[in-house]
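# Structure assessment
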Amino acid sequence: MKYEDLSKEIIDGVGGKENVNSVVHCTTRLRFKLKDEGLAKTEKLKTTDGVITVVQSGGQYQIVIGNHVADVYDDLIKVGGFQDGGSVPDDYGEKSDMSLLDRFIDLVSGIFTPILGPLCAAGMIKGFTAMFVAFGWITATSGSYLILHAIGDGFFYFFPVLLGFTSANKFKVDKFVGMAIGAVLCYPDIVAINSSKTVLYTLFKGTFFASDIHTTFFGIPVIMMNYTSSVIPIILAVWFASHVEKWAKKVIPDVVKTFLVPFVTLVITLPVTFIVIGPIATWLSTAVSDVTVAIYNFSPIFAGILMGAFWQVFVMFGLHWGFVAVMLTNLASKGYDPIVVLAFAASFAQTGVVLAMTLQTKNKKTRSIGIPAVISGIFGVTEPAIYGLSLPRKRPFILSCIAAAVGGGLLGFLGTKTYIYGGLGIFAFPSYINSKTGIDMAFYGSIIAAFVATILGFALQAIFGKNYVDIEPEAATAGASTVSQVENSVDESNTKAIFNKATTLASPLSGKLIQLSEIDDKVFASGAMGKGIAIDPTEGVIYAPADGEIVLAFPTGHAVGLRTTDGADLLMHIGMDTVNLEGKGFEILVKQGNQVKLGTPLVKFDIAAIKAAGYSVVTPLVVTNSKNYHELKIITDKSEVTKNEALLELS
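So, how was this worked out
Residues numbered from 1 in each chain as written. Predicted model: local features only at pLDDT ≥ 70, side-chain atom pairs only at ≥ 80, totals over all residues. Heavy atoms only, no water. Helix = DSSP H or I, 4+ residues; strand = E, 2+ residues; numbered from the N terminus. Buried < 20%, exposed > 50% of the residue type's maximum accessible area, 1.4 Å probe, protein only. Contact = heavy atoms within 4.5 Å. Pairing = 2+ DSSP bridges. Patch = residues over 30% accessible without salt bridge, like charges linked within 9 Å, V, L, I, M, F, W, Y side chains within 5 Å. Areas by Shrake-Rupley, 256 points an atom, 1.4 Å probe, with all protein chains shown as cover. Salt bridge = Lys/Arg side-chain N within 4 Å of Asp/Glu carboxyl O. Polar contact = N/O pair within 3.5 Å; in protein donor to acceptor, adjacent residues only side chain to side chain. Phe/Tyr/Trp six-rings, centres within 6.5 Å; stacked < 30°, edge-to-face > 60°. Expected span 1.5 Å × (residues − 1).

## Section: the overall build of the protein
Of regular secondary structure, the protein possesses 21 helices and 22 strands. Dimensions of the protein, computed from the C-alpha atoms along their principal axes, are close to 90 × 60 × 55 Å. Within the protein, the proportion of its 651 residues that are buried is 51%. Restricting the contact set of the protein to residue pairs at least 6 apart, pairs at least 24 apart contribute 71%.

See the structure below:
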């Protein structure tokens, strides 16, 4: 029970085992579903040895542990007597009320996550085999090469079979039916038809869709494609099969369902796949591949800078799965991908920054996180570095993005491409060897970019980030998609009791005054966010309560932060849980960094529409740095106020 004491502290920190509905874990986090998150001791947990940080997102209470989370989880289950929920994908979250983009990300991650380990392993074997040939250690005709190549390439050749299984799991289809569909797509006689010299006639002659017809199915022409190593055709085929199977289960009697349901599913799905789904999916794959490569070709350097700069942000929000799908599509249709490789230097940039932080810090806990974070970063796993060190301190994370952008630009300039889906970090280098041309400048470009990103990240942190190493990290952790993350980031870094000068705030709204302690939100009502007042508005416009700078302009418009010229940090949050509306009913009128005057309109919102959606519009006005004032006093004796009327006195 190596982590027994840590497990006990975590259980106490989440409000006791009676407050836990369930707990699972992903690569680096314990993911709790709590009965009442208000009972959790979040700040205490964040300072607990063995805990990197806490993130509240998607209905989950997430405790970031690091790479050894599975071991901690095992002991936690024993200590707490919890039901073992097992491991889940990194992007695991609530699936209700998801946007179209979220659904796409969830679909792609759900299909590919279960096979990422073997996928990377097979890619690494294939890459190392190509490297051995390039170095002259083995020949392409030797038995050693044939066996190693088969170990690596077999996974990709029969990729549709494996995706058939994971897609069936995602679309709730019989898993063996999904595998059977994939197996038929890779069947040798089917593969041979595509390369047959016998051409009956050509469909769509003279167009992009021109296709030689080699065979027919009961007189219907079959546009045969090569489905080995393909991605999109099998996913669409299994999706179609899910609807066929659902229909078959309804109409087929129970006594014969065991064999007739899969019989009907296969005999309908596969012909439709060969005649319709397969060709359309292949054309779609080719089009997606051509578009992404065309964008890359427009300016490889600019594409590299963008991918490098924002890749870590994409990963935090799960958006990287969209690029993974594009990469696999490019690999299947062109044999290489020039897009995702542009982000290769990001993990090295992050590692360089964290290495510098580890050497700069005087804090034992920071160093204890930094050393393993650097080691895992070398192998491409950067979550401990990001969430434990650079991101909570902001500037180091920004510096890592700058270094990653430079590395990405170099990768674009030198024309580095990936030819297989291989490992991460240093294990990715063999993925950039072209098996046809061998080691070239494009391959050396990956080494140069990784080296430059690491050194630049280290240098930038050493020069510009040294004052941000041992500051108290902000309570918020960027990357969480909840509003609480953004709210806390307005200003929690100021830990010294330095009092601001007195100032007066006007009412940002017209409406009825409500004591903060009486509103239906435990975080605001408890004063954890700071002292203030709430207003039930009668007009759908929120105004600046003082002169100052916009420090938070949430894209969905439901929250806005202002730092007044006198130093008061204000948060105005329109309604409770209104982040779930995803901007519907809100119009943000300002941008972060804007200078505003007292009475400047900040946000327009539709009171009727928000209430119709089932949400309150009661709006807290919170002074998030109220600890920097001796007293906060309401200076009106009326129960209702009008916009721009003097409301609060900070002394």
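On we go from here.
## Topic: the sheet that holds strand 14 (residues 559-564)
Spatial ordering of the open sheet is given by 17-13-14-15-19-11-10-21, a layout of 8 strands whose pairing is antiparallel. The two strands at the open ends of the sheet, each matched to only one other strand, are strand 17 (595-596) and strand 21 (640-641). Across 2 bridges, strand 13 (residues 548-553) lies against strand 17 in antiparallel orientation. For Gly-548, the partnering residue across the bridge sits in strand 17 and is Val-596.

## With respect to a nonpolar patch on the surface
Among the surface-exposed residues, Ile-371, Ile-375, Ile-378, Phe-379, Ile-426 and Phe-427 lie close enough to one another that they form a single nonpolar patch of about 480 Å² accessible area. On the secondary structure map, Ile-378 appears in helix 15 (residues 364-378).

## Digging into the side chain of His-558
Looking at where His-558 falls in the secondary structure, it is placed in the loop between strand 13 and strand 14. Residue classification places His-558 among the buried positions, given a relative accessible area of 0%. Polar side-chain contacts of His-558 include one of 2.6 Å to the side chain of Thr-556.

## Examining the packing of aromatic side chains
Scanning the entire structure with this criterion turns up 16 aromatic pairs. When the centroid spacing of 4.9 Å and the interplanar angle of 75° are considered together, the rings of Tyr-157 and Phe-158 count as edge-to-face. For Tyr-157, a relative accessible area of 29% puts it in the partly exposed group. Seen from their ring centres, Phe-344 and Phe-429 are 5.3 Å apart, and the 80° between their planes marks the pair as edge-to-face. Of this pair, Phe-344 sits in the loop between helix 13 (320-334) and helix 14 (346-360) while Phe-429 sits in the loop between helix 17 (395-414) and helix 18 (441-464); the two residues are 85 residues apart in sequence, bridging distant segments of the chain. Under the relative-accessibility criterion, Phe-344 is labelled buried at 7%. Judged by relative accessible area, Phe-429 falls into the buried class, the value being 16%. Counting every residue linked through ring pairs, the aromatic cluster contains Phe-128, Phe-132, Phe-135 and Trp-137.

## Some details on the pattern of salt bridges
Overall, the coordinates contain 13 salt bridges when judged by the stated rule. For Lys-633, the salt bridge goes to Glu-649, with nearest N and O atoms at 3.8 Å. Taken as a pair, Lys-633 in strand 20 (residues 632-634) and Glu-649 in strand 22 (residues 646-650) lie far apart in primary sequence, 16 residues in all. Residue Lys-633 is classed as partly exposed on the basis of its relative accessible area of 40%. Overall, the relative accessible area of 31% leaves Glu-649 in the partly exposed class. Ionic contacts of the salt-bridge type, sharing partners, join the residues Asp-12, Lys-41 and Lys-44 into one network.

## Things to note about helix 7 (residues 159-171)
Taking 1.5 Å as the rise per residue, helix 7 with 13 residues should run 18 Å; its terminal C-alpha atoms sit 18 Å apart, in good agreement. Looking one or two residues beyond helix 7, the residue adopting positive phi is Lys-172, at roughly 60°.

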